[in-house]
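Here are the chains, one letter per residue:
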Amino acid sequence: MPVNQNQIEEGAAFFFKLLNEQIVPLSDPLAEKYRSDSELRSVVNSIAAEGGLRVFMTPQHVHLLSKARGSNFANSYTQMKEKYSGLKRKRYFYLANIIISIFLAEIDKESHVRIRWEEEGISYYRLADLVTATITAWQERKEDDSKFSQQWSLAVDQIAELWLTEFSEFKLSQVDDSVDVTRTKNNRLSFINTALKPLADQGLIIDNSDELKIIPKPVLYERIDHLYHDQRRYKDFKKLIEESRKKQEEKENAEIE
Amino acid sequence: MDEASTGLYERLKKTAAISRLGQGMDLGELNDYTHQIALYLLLKVFYREINNNLQRTKNDLIEMTAQIIEEMKFTASNEQLERLVDGVLYSGDPRQQAPFSVMLFDENLREHREFKYRYLVPDREASRWDEGGSTVYMLTETSQEIIFLTREVLQEFGFDLEQFYTLQLIKNGNFTEAKSSVSNLIARVRTLIKNEKNWREDIMRNPGLIFSARQERKKRTEVEVRKQFEDEKKVFNDMFRWRDRLGRFSGEQKKEGELLFEELERARALHDRLAELTISNLSLELEIRRENPDIFWKTAQTSFKKDFWQDTIISSGLSDMDLLTELIAPLFSPEQGFIFPLDWAWSEQQLYTYLQEEDYEDEEEWEEEEPVLKELDWGLLVELWERVFEELLRSGQYPLNKLTLLAADEQRRWLSQEKNLELFMMFIITEIRLREINEEFAGLDERLVLFNKLLEKNQQFKRLIGKKMTASLETGAEKVKLGEEFEISPYILYVVD
């Protein structure tokens, strides 16, 4: 069905609203039009696609998301990547990625066992323990497991060096002897704060640095459900791993020869 | 006496009765579970009591205990069953039939004093000893309290039973007792209202719950729910019928009764609110089912925790750490502030005016003004940009937030040329190699126009010829903001070889 001028205008208006606000509640009149008018929806989705973006809808919100690659837009995450792009700084970025992943894994529960979101918080200390356990387990595994690629093992070593050796556990505030994660550096707890900053900046979590607790917000669950509870996306990711593994092996073999 | 100790003795009576329930008998492997069994037994007796069921003799108690044991998948001999029941009826050696006794601190006397109580006592009226009937047991006030206390926590029984209980008390003219029961009714309906509100939020957030939480939440049709509310309404009406009879009572009791019905009025209003909420939630469920049928098809769901993280990455690693980016990046929304594709930035400006117009739509004075087309003043532009390029020449970089340090009228000069924002954005978005040109032509990159005008004015800029101009984001810095319409991310312009 042809799209009329009005739909284009409203579609564009809604797209820019999304671009501005990232998440728009369905109670918003334009969002409501997006929900009910399929032509308007396709206008918005096409504009987004042109910019390497995706729009998705839940019963409560409309979200605008970046794509893994090919997006014209930066965000708090790409900004972090940028910050740690140097060869030496890269292990910081890797460690941050691992912390984000462990945090996501920890809060990702079957929807029916989730309690109310404000109670799902995780303490900094627990997260730090999980990171330590994960890294240590990988280090032990690579000793006797050929499945781990050389690349991966190298990266894990670098991260382990950073997390286990270079970082102290936490640092106290100079003012009042409390644990200070926002103003201290080079310690595990403050790096958790840094690593999760992209999530906090986007309003997906509440990072309570006084109580040393991180609380996922419902919008984060909406994204997790949409992105990772999807068979197709999982298969795509597996494929990506396979391809990359093959390339890596070829490279390693070539080096041997 | 301080506040903390106020009512301590009364509280201790309740916690002692709870903590000692079913304790102190030797039942071998069942020892750890006697408390649970005993509480369950009290509940069973209580339900029979309020339903006027007279099957509450010792033999009935033993039979109920046998049911509980079976339900909990334990086994017990007849002796053990009997010992259990005795242990709820009496303290110590059953042959003594002694009441339970405990020394509790009385904050008023400032000393310990004995508190004696039982969990079950004979229901004299129901026992019909005269006709040779065996003893029918009923709960004491103490054990009723245990049930009320735990009911608050566990929401042990439904609204309808609470209502029924209240009605019985009203019928007996026990208004004082009935009033506290109405308080429970109100507390209960409040909890139910809160539950409905939470449920609404939950299914909005996660429609899959309609499917997955079905077992926890009684699955009822709207007709059933409506009928239940009608029934409950009827019980309220029954209760209110007793209001007319208040006249028969006198003095204190009449006053109690009036207070009771005031409370009951509140309970009824809350109940109506609950009914409203529940019905609207049911239609919401229906709507979600209708509009998002896909959520009920999805059966083979994956999860981040199990599939992506534990089974894939934790167990076999990745060939390349950078793959983690592929995993995480799609979680994030684009942020407009960081990169401004030129034409989209203008669209935003247009949207802005479009929204503004809508705001003023109702005002009669609103007149559409033709935007004044500003003349491009290259003289001024060159003068302004000269500072920027001098800085680039000197230190190789120019942080945009320097603009905010400029004096107010200098800022106004920057703002007077719309071109400035555009030029900045062009520098930010793409790199450009600075070069000398022989002549201007339409479509020539305006940055080069600017650079060449600067060259004309100041020979020292020749040192920049052949260098590349690029930009990077200054992390952690504030956005650069001049006036209302000039807003840009905190970039630093660089020259590199």
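Just so it is clear, the model here is predicted, and its values are computed rather than measured.

Looking at unusual backbone geometry
Residue and element names in this part refer to chain A.
Working step 1: Positive phi, close to 70°, is recorded for Gln-22, a residue that is not glycine.
Working step 2: Note that Gln-22 resides in the loop between helix H1 (5-21) and strand E1 (23-25).
Working step 3: Residue Gln-22 is classed as buried on the basis of its relative accessible area, which comes to 13%.
Working step 4: Although it is not a glycine, Leu-212 sits at a positive phi angle of roughly 50°.
Working step 5: Tracing the chain through its elements places Leu-212 in the loop between strand E5 (205-208) and strand E6 (213-216).

Observations concerning the environment of Arg-233 of chain A
Working step 1: Among the structural elements, Arg-233 of chain A can be located in helix H11 (residues 231-256).
Working step 2: Taking relative accessible area as the criterion, Arg-233 of chain A reaches 22% and is therefore assigned partly exposed.
Working step 3: Ignoring any residue separated from it by four or fewer positions in sequence, one finds Arg-233 of chain A in contact with Arg-54, His-226 and Leu-227 of chain A together with Phe-308 of chain B.
Working step 4: A distance of 3.0 Å separates the side chain of Arg-233 of chain A from the backbone oxygen of Leu-227 of chain A, its partner in a polar contact.

Regarding the packing of helix H10 (residues 222-241) of chain B against helix H11 (residues 251-291) of chain B
Residues and elements named next belong to chain B.
Working step 1: Closest axis-to-axis distance for the H10/H11 pair is 11 Å, and the angle between their directions is 175°. As far as their axial angle goes, H11 and H10 are roughly antiparallel. Of H11, the residues touching H10 (which contributes Glu-222, Val-225, Arg-226, Phe-229, Glu-232, Lys-233, Phe-236, Asn-237, Met-239 and Phe-240) are Phe-261, Leu-264, Glu-265, Ala-267, Arg-268, His-271, Asp-272, Leu-274, Ala-275, Thr-278, Ile-279 and Leu-282.
Working step 2: Tallied by class, the residues present in the contact of H10 with H11 amount to twelve nonpolar, three polar and seven charged.

Some thoughts on a nonpolar patch on the surface
Residue and element names in this part refer to chain A.
Working step 1: Residues Tyr-125, Phe-170 and Leu-172 make up a contiguous nonpolar surface patch of about 260 Å² in total accessible area.
Working step 2: By secondary structure assignment, the location of Tyr-125 is in helix H6 (residues 124-144).
Working step 3: Classification of Tyr-125 by relative accessible area gives partly exposed; the value is 36%.

Quick notes on the pairing of strand E1 (residues 100-106) of chain B
Working step 1: Burial along E1 of chain B is one-sided: the face carrying Phe-100, Val-102, Leu-104 and Asp-106 of chain B is buried and the face carrying Ser-101, Met-103 and Phe-105 of chain B is not.
Working step 2: Hairpin connection of E1 of chain B to strand E2 (residues 111-117) of chain B: four residues between the antiparallel strands, including Arg-110 of chain B at a positive phi of 60°.

Digging into the confidence of the model for chain B
As a note on interpretation, predicted positions should not be read in detail where pLDDT is low.
Residues and elements named next belong to chain B.
Working step 1: Of all residues in chain B, 85% have pLDDT values of 70 or greater, and the mean over the chain is 80.
Working step 2: Here helix H15 (residues 342-360) stands out as the least confident element of chain B, with mean pLDDT 41; helix H3 (residues 58-71) is the most confident, with 95.
Working step 3: Predicted confidence for residues 338-372 stays below pLDDT 50, and this span has 43 contacts to residues more than four positions away or in other chains.
Working step 4: Model confidence for the complex is summarised by a pTM of 0.59, with the ipTM given as 0.87.

Rules used in this analysis
Residues numbered from 1 in each chain as written. Chains lettered and ligands numbered in written order. Predicted model: local features only at pLDDT ≥ 70, side-chain atom pairs only at ≥ 80, totals over all residues. Heavy atoms only, no water. Helix = DSSP H or I, 4+ residues; strand = E, 2+ residues; numbered from the N terminus. Buried < 20%, exposed > 50% of the residue type's maximum accessible area, 1.4 Å probe, protein only. Contact = heavy atoms within 4.5 Å. Polar contact = N/O pair within 3.5 Å; in protein donor to acceptor, adjacent residues only side chain to side chain. Axes fitted to C-alpha atoms, helices over the stretch in contact; angles between N-to-C directions. Parallel < 35°, antiparallel > 145°, perpendicular 65-115°, else oblique. Nonpolar A, V, L, I, M, F, W, Y, C, P; charged D, E, K, R; others polar. Patch = residues over 30% accessible without salt bridge, like charges linked within 9 Å, V, L, I, M, F, W, Y side chains within 5 Å. Areas by Shrake-Rupley, 256 points an atom, 1.4 Å probe, with all protein chains shown as cover. Salt bridge = Lys/Arg side-chain N within 4 Å of Asp/Glu carboxyl O. Pairing = 2+ DSSP bridges. pLDDT = per-residue confidence, 0-100.

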